[in-house]
Protein chains: 4
Amino acid sequence: MTMFDASPRVRDLQQRLTAFMQEHIYPNEAEFQAQVNAGNRWEHVELIEQLKPLAQQQGLWNLFLPPRTDTEGQFGAGLTNLEYATLCEIMGRVWWAPEVFNCNAPDTGNMEVLARYGTKEQQEQWLKPLLAGEIRSSFTMTEPEVASSDATNIQAQIVRDGNEYVVNGHKWWTSGAGDPRCKVTVFMGKNDPSAPKHLQQSMILIPMDAPGVKIERMLTVFGYDDAPHGHAEVTFRDVRVPLSAMLLGEGRGFEIAQGRLGPGRIHHCMRLIGQAERALELMIERSESRVAFGKKLSEQGTVREMIAKSRIEIDQARLLTLHAAHMMDTVGNKAARGQIAAIKVVAPNVALAVIDRAIQVFGGAGVSQDTPLANMYAQARTLRLADGPDAVHLETVAKEEYRSHAPKQAKETVHV
Amino acid sequence: MTMFDASPRVRDLQQRLTAFMQEHIYPNEAEFQAQVNAGNRWEHVELIEQLKPLAQQQGLWNLFLPPRTDTEGQFGAGLTNLEYATLCEIMGRVWWAPEVFNCNAPDTGNMEVLARYGTKEQQEQWLKPLLAGEIRSSFTMTEPEVASSDATNIQAQIVRDGNEYVVNGHKWWTSGAGDPRCKVTVFMGKNDPSAPKHLQQSMILIPMDAPGVKIERMLTVFGYDDAPHGHAEVTFRDVRVPLSAMLLGEGRGFEIAQGRLGPGRIHHCMRLIGQAERALELMIERSESRVAFGKKLSEQGTVREMIAKSRIEIDQARLLTLHAAHMMDTVGNKAARGQIAAIKVVAPNVALAVIDRAIQVFGGAGVSQDTPLANMYAQARTLRLADGPDAVHLETVAKEEYRSHAPKQAKETVHV
Amino acid sequence: MTMFDASPRVRDLQQRLTAFMQEHIYPNEAEFQAQVNAGNRWEHVELIEQLKPLAQQQGLWNLFLPPRTDTEGQFGAGLTNLEYATLCEIMGRVWWAPEVFNCNAPDTGNMEVLARYGTKEQQEQWLKPLLAGEIRSSFTMTEPEVASSDATNIQAQIVRDGNEYVVNGHKWWTSGAGDPRCKVTVFMGKNDPSAPKHLQQSMILIPMDAPGVKIERMLTVFGYDDAPHGHAEVTFRDVRVPLSAMLLGEGRGFEIAQGRLGPGRIHHCMRLIGQAERALELMIERSESRVAFGKKLSEQGTVREMIAKSRIEIDQARLLTLHAAHMMDTVGNKAARGQIAAIKVVAPNVALAVIDRAIQVFGGAGVSQDTPLANMYAQARTLRLADGPDAVHLETVAKEEYRSHAPKQAKETVHV
Amino acid sequence: MTMFDASPRVRDLQQRLTAFMQEHIYPNEAEFQAQVNAGNRWEHVELIEQLKPLAQQQGLWNLFLPPRTDTEGQFGAGLTNLEYATLCEIMGRVWWAPEVFNCNAPDTGNMEVLARYGTKEQQEQWLKPLLAGEIRSSFTMTEPEVASSDATNIQAQIVRDGNEYVVNGHKWWTSGAGDPRCKVTVFMGKNDPSAPKHLQQSMILIPMDAPGVKIERMLTVFGYDDAPHGHAEVTFRDVRVPLSAMLLGEGRGFEIAQGRLGPGRIHHCMRLIGQAERALELMIERSESRVAFGKKLSEQGTVREMIAKSRIEIDQARLLTLHAAHMMDTVGNKAARGQIAAIKVVAPNVALAVIDRAIQVFGGAGVSQDTPLANMYAQARTLRLADGPDAVHLETVAKEEYRSHAPKQAKETVHV
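Residues numbered from 1 in each chain as written. Chains lettered and ligands numbered in written order. Predicted model: local features only at pLDDT ≥ 70, side-chain atom pairs only at ≥ 80, totals over all residues.

**Student:** Even after reading the chapter, I still don't get the overall build of chain A, so can you show me in this structure?
**Tutor:** For chain A, the count of helices and strands is 13 helices and 9 strands. Against the compact-globule benchmark of 22 Å for 416 residues, chain A has a radius of gyration of 22 Å, which places it among compact chains. The buried share of chain A, taken over its 416 residues, is 59%. Taking the contacts inside chain A whose residues are at least 6 apart along the sequence as the reference set, 72% of them involve residues at least 24 apart. (Helix = DSSP H or I, 4+ residues; strand = E, 2+ residues; numbered from the N terminus. Rg over C-alpha atoms; globule rule 2.2 N^0.38 Å. Buried ≥ 20, exposed ≤ 12 C-beta atoms within 10 Å, placed from the backbone. Contact = placed C-beta atoms within 7 Å.)

Rendered as structure tokens:
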């Protein structure tokens, strides 16, 4: 009976990734922000472009594609979800680092969709440049007018007209659309309102420069614009795309969403754990360097309790996430949906709790631009909403739990 | 035995203030932000200046000064802390509204200091224009290099040199210093490092345009700059002020801080309760207008539980704050220090909990610029740090509790 | 504007009650338990009978009946709910103390029902001996077969047969039925299943020695039997009572329950606050007397935080309860239903939190018979269920909140 | 990279243990309590004695001893801590079941001590009959007069006098001492007050029938006496044992405690997880069978949220415990002390949270003798105190965390 025995290859990747972070990422955090602030905010950051070739040379590139996504073994690194999860955490410690390794959201999810469900032609046009890091992509699903947590509410229309689809819709929280290199979006909309509820929606590929696509404005998250990545409100008015832009087939949007969101959620969770781990480190350092009421903060019982609780919560969140990844690898994304839902609740909430404690230990510096904490908090907070709010995932967990107790004989088994 | 029987005068003020908010403030929330964004951010907002005379005409001006602060009865409205608290909550529902009534922090605290401890000359020079709303002020205490939660750590120096004091220090979180009308700061620093710990610090009045005063930069709070008010990092290099700028006397800084912070904290807490009440209202409205999984959000048990908990927490926080105000009115700020510390912990945490639930009900809109919620959250979060972090106030409550149990005979009394 | 100004009469009662507790109750806690354990458990405790005349002589008797319950001013002390609440807390500090003052549940609730809704004859037969402390009573509503939190589920039958009602039912959690002096029960059951839902139930008076009434067994609460008071499972088989035993009229059970439960809940809550206050005191004492890892517990930051949080939570719970009492006094039990529901959630949960912390500070002694803490915990825990579980009260609060926001003009008012 | 791949042998044991529980334990829960209540409470329960041979015959006996404890491979089943943990959870689902498999506390811990540190003679005299289930044992460490959470406070004396040790001490929470078959206790006391703090204490074997050993009384836990096992207060007055009764050597008590407590804590935690899992099952069943306000409880959003949270918390607690077991197996009990401390905080708190929710769903039945829930709660509550209170374990976690961050190079590694 074993647990977490990383293979030599994975251990090696962990070590080299950690070294890369120490050498190229942490020392450049201020520089990244300076470059963003210096430009017009909505253009690519030179620093990232300089680091990408380094990561590529070191084989720290496109590590995310799991083996079975990639039937021909040609695209990704061939790591399991469990293996990649431990690497994703390391990259996630700095919010802009994953892009350096071509492993950032929403591109990874989009690449996974294209690798898994794309036609040769779609892969040629969009997957190849994405894998090469030459372009970026976005995902357009959420709509301002409806509670998008219930995806059946999505109102955008994809109507066939001869050899084309005509797309109309009002979307927002299109993350990544602020970057001028964002060339394509995976768009979800209804193509058949008369079909059964879960067969009404399709996903389709739309070039961001297609006529009728308009970025209305950039949204802020708390006070951050997250430039140059950004979160856009986008309108689609009579946008025309060829029939070949359809993914998998009409009415199969939910099927793709199901396949796409599992890994995407795991990745988000592992990055959040990386963020929490980082916040804990910062809190520890700060507590060693400040004195109040005659004692270092690190000698005060309540601070030590905050440290201990953070360590425990992070370890539990990580184990739950790795276990979910393992379930995806062994029983499949669908059978693991309860586990995926569970970590999607746990990881952001743990990250928020730990970051919040770190802010408290830092005092005013914690909410300011002088530490990454407030920005980390804002980003983690959105992940209690993005890809489904807590309430929706808790309902999934409850549903699975009732289901697992329905047959009497299943009752006394151990859960892992 | 009675409880909360507002006098006719206070009831009238409550009603008129509520009407003013409905007529002039809520409808102008977008306009306020538009004016800030349109300008260079760091200049006064025309809207505020237009509304101030209206508030003055209606007698909704300078309501904050409690009777005994104001020995000659000439400055304020003569309301007790308990009376003013209910009004402060109403103004606090929109973060920029208190300035319209000349009741915003840190000006109220500074005016209270000047009214209570200022010389005739100091009152003439600074209090009068502040009461008239012609200038603004700031408070410079927190320092980046030390844990300022322990105020004995403050390192800034106030050294007498002939007929002048020479001031040197590095301060930050100087709120309000972004506004060009901010003309004076109440500065805390050490004038005698050899004195007993609580007699080392003094407070002194420094014109913001004095040579040697330099605003180094504006700080952000979760990405917000809170323009035009703002939070500055300020350096003071060999700043010279006349001896008459000293408040109350050398070494009496803690004494003033004690007197200043009590009312200031009550005001912050009541504004936070106003914010929480507002967030609850917004959450209720939203929950009535959105449908997910076949039911309005307002019909879903978990949302209703969030509403109920918010109502209960807000009511408890308000009662605790009003009770603290009542204690200040009846036994004095010093004897009420346990109660003041208690609400300083409760109010921000309750506001954060309620706002956080509201954000969750709003989804993406909740973290964006389309609702006031994210900004409210950011501001409330700073109040778990500003004027003392939670941990410091909890320690005060613990100390008072142990003290109250020390004499055996006090043991069985009812606490209120 | 005033808050909590106890009248001289109430202050006097507070002081004399506190003195009585110190002289006669606290020193006898061990003796009480010894007398229970020495006998057959289910007989009256001599100590209580000895103290009752003392309480009567000192005018500390039947303090609970509010003025308007008692139309002729002949039964109770004429105190308002707000006035009595502060006294109820003092008595509640020891769980068996209220009976000494004839102020214990469920007798107070039953006496209130009889005083308010009873006929002269019913008052003569049952209210008089209850007020004299000569007999005890019980309340039979909850049923094991249905979710009694929804009182419309109650299945017991009250069927008219000529000049009598025939009663059949299976009840449990009939508190107080263990005491041999328990002579009468207020019984709730359906007399008209065809009536509208809230008019099906009636309340009727049944002598505990009527043929067909059978105590099946005594229930335990955690491991306690709460002798000699106790909680019984009782069956009623073809029990016959005269028509004159009906309270108020057929189908008016809910109306009575509404009137009965408000004050009963306030009393429970105040006793719980007394319990919490007691637990806090014990925790403080213990923390001063124990040393671990080189420091007194009272010098350890985490213990001090527990003390501070307990103080804050208790004060908030007390204020909320007093406010609810004040609402009952001024706007009536029905209009105050949201406030009553709120404290019914808050008070037990706060008591449990404080007692739990005290147990933790006491270590093993805390869960054993050597402190009252474990018993206090068990009793407080039942009050998250008895008189309605938390969920039902939270729903009431939510309903009131949505109602209060329904008319637009009510929106901006301050809540207290 | 793998996770939790149980070997065929362990899978087989899991299945057979589950079957045994379904066939022999669950159907006998009422019978067990009836037999305890029928006798004098403090004698062995016939049911247990009847089931023990069955368990032995099926090879479900003494499964707990890990391989390296048992150098000669002769005593236990040779399962790793990780392997046994999954079995321990199954047995732990009913509190008295582990004894049926000879796997109950404190016997397992004592047997582990004897197997690991005992002399041949000690093993012959005590370990053999313990392994055979012929006798029972207890552990005497905690003392009523001192804060025993700090084990250096232990005051009992073990003084050498010629060929004997003379033992004096006042102990309590000696669990298992109520059982007449309890023949030996592992006693901790000071033999050299002048030695360095962690070398003052020894552990020694004392026959329970030695002159001078007196059970003063049995303690209750929330009203339960936990008969026939029980928790005793025991005095030791001039108890004489031969020198050969010393375990490992004078002054090595802490060394043994360290070795003993790790596995003991893991076992407690796994049993707690079994209890939590059981409570969740009961809650699910109940929620399906009750209707309130027109809907089954299982259809109410707040109940479903309770179910989901319980599932998530249990899964996290189990993974953390299994991970700690795996660390013990791979890096040793000492290096795993942070992980052991973490689960010792998590498991009881999770169990309490889940059981508490189950009680709430059951209503009155939940606190009564009609479900196992209240008893489960009481037992789980003691485990926030027994084997060290939460605060002590949190401090251990904090200490390890600061230690792990001390060397700079360790900073960026992934934690599992």
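**Student:** How should I be thinking about the pairing of strand S7 (residues 231-242) of chain D in this particular structure?
**Tutor:** Residues in a regular strand project their side chains so that they alternate between the two faces of the sheet. Residues and elements named next belong to chain D. As judged from the 9 bridges shared by strand S3 (residues 164-175) and S7, these two strands associate in the antiparallel manner. Across the sheet, residue Thr 174 finds its bridge partner in S7, namely Ala 232. Strand direction decides the pairing type here: strand S6 (residues 213-219) and S7, joined by 6 bridges, are antiparallel. Residue Leu 219 lies in a different strand from S7, and its bridge partner there is His 231. (Pairing = 2+ DSSP bridges.)

**Student:** Would you mind showing me how to read the interface of chain B and chain C here?
**Tutor:** It is common to give the size of an interface as the accessible area lost on bringing the parts into contact. Facing the 51 residues of chain B at the interface are 51 residues of chain C. For the side of chain B that touches chain C, the secondary structure elements donating two or more residues are helix H1 (8-25), helix H4 (81-91), helix H8 (253-289), helix H9 (301-331), helix H10 (337-362) and helix H13 (390-405) of chain B. The leading source of residues in the side of chain B that touches chain C is H9 of chain B, at 14 residues. In terms of residue class, the side of chain B that touches chain C is built from 24 nonpolar, 14 polar and 13 charged. (Nonpolar A, V, L, I, M, F, W, Y, C, P; charged D, E, K, R; others polar.)

**Student:** What am I meant to see in the relation of the copies chain B and chain C here?
**Tutor:** Superposition of the two copies of the chain requires a rotation about an axis together with a shift along that axis. With an RMSD of 0.0 Å, chain B superimposes on chain C once it is rotated by 180° and translated 0.0 Å along the axis. Look at the turn and shift together and you get a two-fold axis relating the two. (Least-squares fit on C-alpha atoms with pLDDT ≥ 70 in both.)

**Student:** Can you help me understand the interface of chain B and chain A in this one?
**Tutor:** Every contact between the two is made by 33 residues of chain B and, on the other side, 34 residues of chain A. When contributions to the side of chain B that touches chain A are tallied by element, the ones reaching two or more residues are strand S3 (164-175), strand S8 (291-292), helix H11 (364-367), helix H12 (373-382) and H13 of chain B. Of the residues assigned to the side of chain B that touches chain A, the class counts are 16 nonpolar, 12 polar and 5 charged.

**Student:** Mind showing me how you'd approach the nonpolar core here?
**Tutor:** If you look at soluble globular proteins, the nonpolar side chains tend to sit buried side by side. The biggest cluster of nonpolar side chains holds 517 residues, and the ones touching the most others in it are Ile 355 of chain A, Ile 355 of chain B, Ile 355 of chain C together with Ile 355 of chain D. With sequence-adjacent residues up to four places away left out, Ile 355 of chain B is seen in contact with Ala 276, Ala 279, Leu 373, Met 376, Tyr 377 and Ala 380 of chain B. (Core = buried A, V, L, I, M, F, W, Y, C linked by C-beta atoms within 7 Å.)

**Student:** I'm lost on the relation of the copies chain B and chain A in this one. Help?
**Tutor:** For the pair chain B and chain A, the best superposition has an RMSD of 0.0 Å and corresponds to a rotation of 180° with a translation of 0.0 Å parallel to the axis. Here 100% of the interface residues in chain B have copies in chain A that are interface residues too; the copies meet face to matching face.

**Student:** What's the story with the domain arrangement of chain A in this structure? I'm lost.
**Tutor:** All names here are of chain A. Its domain assignment divides chain A into domain 1 (8-136), domain 2 (137-251) and domain 3 (254-412). Between domain 1 and domain 2, the residue contacts involve 19 residues of the former and 21 residues of the latter. Sorting the residues of the side of domain 1 that touches domain 2 by element identifies helix H6 (107-117) and helix H7 (120-131) as the ones contributing at least two each. Residues of the side of domain 1 that touches domain 2, tallied by class, amount to 9 nonpolar, 5 polar and 5 charged. (Domains from an automatic or database assignment.)

**Student:** For this particular structure, what's the right way to read the packing of helix H1 (residues 8-25) of chain D against helix H4 (residues 81-91) of chain D?
**Tutor:** If you want to describe how two helices pack, look at the angle between their axes and the distance between the axes. Residues and elements named next belong to chain D. Where H1 contacts H4, the axes come no closer than 9 Å and their chain directions differ by 10°. On the basis of the axis angle, H1 is roughly parallel to H4. In this structure, H1 contributes Val 10, Leu 13, Gln 14, Leu 17, Thr 18 and Met 21 to the contact, and H4 contributes Glu 83, Thr 86, Leu 87, Ile 90 and Met 91. Residue composition of the contact of H1 with H4, by class: 7 nonpolar, 3 polar and 1 charged. (Axes fitted to C-alpha atoms, helices over the stretch in contact; angles between N-to-C directions. Parallel < 35°, antiparallel > 145°, perpendicular 65-115°, else oblique.)

**Student:** So what exactly am I meant to see when it comes to unusual backbone geometry here?
**Tutor:** If a residue is not glycine, its phi is most likely negative; likewise, a peptide bond is most likely trans. Here the bond from Ala 227 of chain B into Pro 228 of chain B is cis, since omega is 0°, no more than 30 degrees from zero. With a phi angle near 50°, Asp 238 of chain C is a residue other than glycine that sits in the positive phi range. Residue position: Asp 238 of chain C is located in strand S7 (residues 231-242). Residues other than glycine seldom take positive phi values, yet Asn 62 of chain D does so here, at roughly 55°. Within the element layout of this structure, Asn 62 of chain D appears in the loop between helix H3 (46-57) and H4.

**Student:** It is not clear to me how helix H10 (residues 337-362) of chain C should be interpreted in this structure. Could you clarify?
**Tutor:** For an α-helix, the turn length of 3.6 residues means that residues three or four places apart are oriented alike. Residue and element names in this part refer to chain C. Helix length check: H10, at 26 residues, gives a terminal C-alpha distance of 38 Å against a target of 38 Å (1.5 Å per residue), a fit within 8%. Most of H10 is tucked away, with 23 of its 26 residues classed as buried. Remark: Gly 363 follows H10 within two positions and exhibits a positive phi of approximately 65°. (Expected span 1.5 Å × (residues − 1).)

**Student:** Sorry, what's going on with the environment of Gln 22 of chain D here?
**Tutor:** With respect to the helices, strands and loops of the structure, Gln 22 of chain D is situated in helix H1. Separated by 361 residues in the primary sequence, Gln 22 of chain D and Leu 383 of chain D place their C-alpha atoms 26 Å from one another.

**Student:** I'm lost on helix H13 (residues 390-405) of chain D in this one. Help?
**Tutor:** Between its first and last C-alpha, H13 of chain D extends 23 Å over 16 residues, near the 22 Å set by a 1.5 Å rise per residue. Within H13 of chain D the residues assigned to the buried category are Asp 390, Ala 391, His 393, Leu 394, Val 397, Ala 398 and Glu 400 of chain D. In this structure, the buried residues of H13 of chain D make contact with helix H9 (301-331) of chain A, helix H9 (301-331) and H10 of chain C together with helix H10 (337-362) of chain D.

**Student:** Quick question: what am I supposed to make of the packing of H9 of chain B against helix H9 (residues 301-331) of chain D here?
**Tutor:** Their axes nearest at 7 Å, the elements H9 of chain B and H9 of chain D cross at an angle of 95°. Classed by the angle they form, the pair H9 of chain B and H9 of chain D counts as roughly perpendicular. Of the residues in H9 of chain D, those in contact with Gly 301, Thr 302 and Glu 305 of chain B of H9 of chain B are Gly 301, Thr 302 and Glu 305 of chain D. Of the residues contributing to the contact of H9 of chain B with H9 of chain D, the split by class is no nonpolar, 4 polar and 2 charged.

**Student:** In this structure, what is going on with the environment of Ala 347 of chain A? I would like to understand it.
**Tutor:** Residues and elements named next belong to chain A. Within the secondary structure, Ala 347 is located in helix H10 (residues 337-362). The spatial distance from the C-alpha of Ala 347 to the C-alpha of Leu 383 is 8.9 Å, given a sequence separation of 36 residues. Among residues more than four places away in sequence, those in contact with Ala 347 are Cys 269, Leu 272, Ile 273, Ala 317 and Thr 321.

**Student:** Sorry if this is basic, but what is going on with the confidence of the model for chain A here?
**Tutor:** Close inspection of predicted coordinates is inappropriate in any region flagged by low pLDDT. All names here are of chain A. Here chain A shows a mean pLDDT of 93. Residues at 70 or above account for 95%. Here residues 409-416 is a poorly scored stretch, pLDDT under 50, and it has 18 contacts once near neighbours within four places are set aside; other chains count. In the predicted assembly, ipTM is 0.95 and pTM is 0.96. (pLDDT = per-residue confidence, 0-100.)

**Student:** Could you clarify how one ought to interpret the environment of Thr 18 of chain B in this entry?
**Tutor:** All names here are of chain B. Looking at the element boundaries, Thr 18 is found in helix H1. The exposure class of Thr 18 is partly exposed, given the 17 C-beta atoms found within 10 Å. In sequence terms Thr 18 and Ala 374 are 356 residues apart; their C-alpha atoms lie 24 Å from each other.

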